[in-house]
Amino acid sequence: MMVKFFRSEMAAKSRNLLKNIEPDGKLCLYSNERQVLPLASLKFQDVIGFYQANNDAVYKDLKTAYLGGRLTPFVGAGLSVFCGYKLWPSVLKELSAFIPDEESKQEALDMIERFEYLEAAEHIQKHYRPMLRRLLGIVSYDKLEACPTERLYSSAAWTLPYLFHNRPLMTTNFDGVLEYVFSRQGHAFERMVEPHDPSMLTQIRQQDIHGLFKLHGDIGRETTSLDRLVFTKSQYDAAYCADGKLMEELKQWYQNQTLLFLGCSLSMDKTMEVLRDVASANPGIRHFAIVGCKKEQRSDLLDRFSELGIDAIFYDDSNHDAVRVVLERLLEETNAAGYKQLRRDCRSAIALVEEKRPLMFDSEYFPFSGREEELARLTEFCEAEDRLLWWSV
């Protein structure tokens, strides 16, 4: 078989690559004139070092809980941001913009600023009746399908099927990120349960089925009503009434599962109030979280989390890649074959940047430097106008 290569055919691609050699000699890979992985360097030890003694101890206990098969992820909105979904306050602010009356609109914004999110949702629904249609657009499945491959593969959510392919999961999210990533990796959930199906929740919990518990419901293309969601204050009050089936089942989940909170703010909402009550009645209960914060916030968070029975790995909230880094280390140390498969899958889908790739925490940076003469000759060769033909047999 004979293969031929023309300099003129490779020149454009070569120019694109060469022009992206940074002044300090670092090589960045580009695709279609945009940088593929413009991520800051972050290693596992960088994450742990944010609060060394605490993070070391909590990570070891987290690893033990995982190896014991007792860990159940509780996923919040932070793990869906990578593909364009918004956090709860931003969703409410976007919805409030549709309120036609300026005074009512301002009232909604004031509630959001006071962290009265449930009241704000109730207020928006009252003053803007087509709210569901706007909400469907905000949580549209199209955002997930349009998500660039490199964002999907480099997200913390993408690591979950490698770690929890046979475990139940819990989420307060309306979107379909978890369903999507698990299905794409061949580990589709056996069952998805919404808050109005408490009997199914019991089956998932007792039988340890690989199912998804969507505490506040699901928004998909076929959603036509807010009735099956837990979105407004009145819906929260109905779902979390003291003697309700959902409340009783949620207590059982908190009491009989070891939870790992990911992408959760852990602010004191209804779900956290239930967890606090369960932890108070059962002092031996222990859960885990990976939480971003500032150094001066650590003391207050430790006190609050202790009331919830949560041990947290704290990281600098300026870099949320830390969640992915911790999950990768957990996978590497507990399932070497799974970790290698994750790396192979990512490499096949993403043009990796070789500058201390943050999501492959043990990789190194190799400088493209010290060869100025050779680089100049290569550049001259690629940009030459005359046609050169190579033959290979």
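See above for the structure.
Here the structure is a predicted model, which means the values were calculated and not measured.

1. Observations concerning the packing of aromatic side chains
Evaluated as defined, the whole model comprises 13 aromatic pairs. Each ring, one from Phe-115 and one from Tyr-117, has its centre 6.2 Å from the other, and the planes form 80°; the classification is edge-to-face. For Tyr-117, a relative accessible area of 18% gives the class buried. Both rings, one in Phe-213 and one in Trp-253, keep their centres 5.3 Å apart while their planes meet at 55°; by these two values the pair is tilted. Of the two residues, Phe-213 sits in strand β7 (residues 211–214) while Trp-253 sits in helix α14 (residues 245–256), which places them 40 residues apart along the sequence. An identical accessibility class is assigned to Phe-213 and Trp-253; each is buried. Counting every residue linked through ring pairs, the aromatic cluster contains Tyr-51, Phe-305 and Phe-314. Sitting over the ring of Phe-98, Arg-134 keeps its end group 5.5 Å from the ring centre. Seen from the ring of Phe-50, Arg-298 lies directly overhead, with NZ or CZ sitting 5.5 Å from the centre.

2. Re unusual backbone geometry
The phi angle at Phe-115 is positive, at roughly 65°, despite the residue not being glycine. Relative accessible area serves as the criterion here: at 64%, Phe-115 is assigned to the exposed category. Unusually for a residue other than glycine, Leu-266 sits at a positive phi of about 60°. Mapped onto the fold, Leu-266 is located in the loop between β8 (258–262) and α15 (270–281).

3. Notes on the nonpolar core
Counting 72 residues, the largest nonpolar core has Leu-135, Leu-160, Leu-260 and Leu-327 as its most contacted members. If you tally residues by element for this core, the top one is helix α17 (residues 321–334), at seven residues. When residues no more than four places from it in sequence are discounted, the contact partners of Leu-327 are Ala-156, Thr-159, Leu-160, Leu-163, Leu-260, Leu-262 and Ile-290. One finds Val-230, Cys-264, Leu-275 and Phe-305 within the second-largest nonpolar core, a separate group that totals 33 residues.

What counts and how
- Residues numbered from 1 in each chain as written.
- Predicted model: local features only at pLDDT ≥ 70, side-chain atom pairs only at ≥ 80, totals over all residues.
- Heavy atoms only, no water.
- Phe/Tyr/Trp six-rings, centres within 6.5 Å; stacked < 30°, edge-to-face > 60°.
- Buried < 20%, exposed > 50% of the residue type's maximum accessible area, 1.4 Å probe, protein only.
- Helix = DSSP H or I, 4+ residues; strand = E, 2+ residues; numbered from the N terminus.
- Lys NZ or Arg CZ within 6 Å of the ring centre and 35° of its normal.
- Core = buried A, V, L, I, M, F, W, Y, C linked by side-chain atoms within 4.5 Å.
- Contact = heavy atoms within 4.5 Å.

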